[in-house]
Amino acid sequence: MIQYFNPGERQSLLRFTHSLRDLLQKHCCSQRETVIVCIGSDRATGDCLGPIVGHKLKPHERYMKKNGFHLYGTLEKPIHAKNLEATIRFIQLYHPDALVIAVDASLGVMEHVGYITLGEGALSPGVGVDKNLPAIGDICITGIVNLSGFGGQILLQTTHLNLVMQLAEFISMGLYRCLASRSSQLRPALQRAE
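All values derive from a computational prediction rather than experimental measurement.

Colleague: Report on the overall build of the chain, specifying residues and quantitative values.
Modeller: Secondary structure assignment for the chain yields six helices and six strands. Order of helices (α) and strands (β) in the chain, N terminus to C terminus: β-α-β-α-α-β-α-β-β-β-α-α. With the model as given, the accessible surface of the chain reaches about 10,200 Å², and the carbon-plus-sulfur share is 53%.

Structure (structure tokens):
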């Protein structure tokens, strides 16, 4: 089931964070690694949502790793159509039992442009622009950056950067809040293990 969140609504970030936390608890035992894969290119405004989310999370990477979270896909090192398959193989090799959260931009209907979606299961990057790429993720998060339909690639090129930045801020805040919540839950278990 896909849930929609309007970043402009009061309490939307709180509801997103709670829903994401519930999905993480459903899929994770405390010892399971979580991999966040932020997908997209830095060459098209509408497609840079994922790398911007990764960029916003990057300063917290040391803290994330300490708490079992790993981050792939930033503005510096984006995960896109040309390296997605290699990234998936890398994750399967180095994080074989990890829970994967995939973050990407998407195209949608007019009334959902500017919304965030959260769902269980894999997302299929590139569908909106007729690319056939491998599906990725156990949990998927998308930001709907523009309308779907004819000329998807052109729509990604003409998306407003301000909208992408707002969606990226919302997603990165929600992910970070879940990380902080999970680390506080893990701390007593880690202390008992020492």
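Colleague: Hey, could you go over the sheet that holds strand 1 (residues 3-5) for me, with residue numbers and the actual values?
Modeller: In spatial order, the strands read 1-5-6-4-2-3; together these six strands make up an open sheet with mixed pairing. At either margin of the open sheet sits one strand with a lone partner, and together these are strand 1 and strand 3 (69-72). Strand-to-strand twist in this sheet, taken as the mean axis angle between neighbours without regard to direction, amounts to 20 degrees. Sheet topology places strand 5 (residues 116-120) next to strand 6 (residues 139-147); five bridges connect them, and they run antiparallel. Across the sheet, residue threonine 117 finds its bridge partner in strand 6, namely threonine 142. Sheet strands touched by helix 1 (residues 12-27): strand 1, strand 2 (34-38), strand 4 (99-108), strand 5 and strand 6. Its angle to strand 5, the strand with the most contacts, is close to 15 degrees.

Colleague: Hey, could you go over the environment of cysteine 140 for me, with residue numbers and the actual values?
Modeller: Summarising the element assignment, cysteine 140 is placed in strand 6. On the accessibility criterion, cysteine 140 (7% relative accessible area) is buried. If sequence neighbours within four positions are ignored, cysteine 140 has contacts with Ala102, Thr117, Leu118, Gly119, Gly121, Ala122 and Leu123.

The rules we used
- Chains are numbered independently. Their residues run from 1 in the order of the written sequence.
- In view of the model being predicted, local features appear only for residues whose pLDDT reaches at least 70, and side-chain atom pairs are presented and counted only at 80 or more, with totals across whole chains, interfaces and linings using the full set of residues.
- Side-chain figures throughout are based on the complete set of non-hydrogen atoms in the structure, without hydrogens or water.
- Only runs of H or I of at least four residues qualify as helices and only runs of E of at least two qualify as strands under DSSP, and these elements are numbered from the N terminus.
- For every accessible area listed, the method is Shrake-Rupley and the probe measures 1.4 Å; residues are considered covered only by the protein chains on display.
- Between any two strands, at least two bridges found by DSSP are needed for them to pair.
- Fitted lines through C-alpha atoms serve as axes, helices being fitted only where they are in contact, and the angles separating the N-to-C directions of these axes extend from 0 to 180 degrees.
- By definition in these notes, contact holds between two residues if any of their heavy atoms fall within 4.5 Å.
- Each residue is assigned to one of three classes by its accessible area relative to the maximum for its type, calculated with a 1.4 Å probe on protein chains only: buried under 20%, partly exposed between the two thresholds, exposed over 50%.

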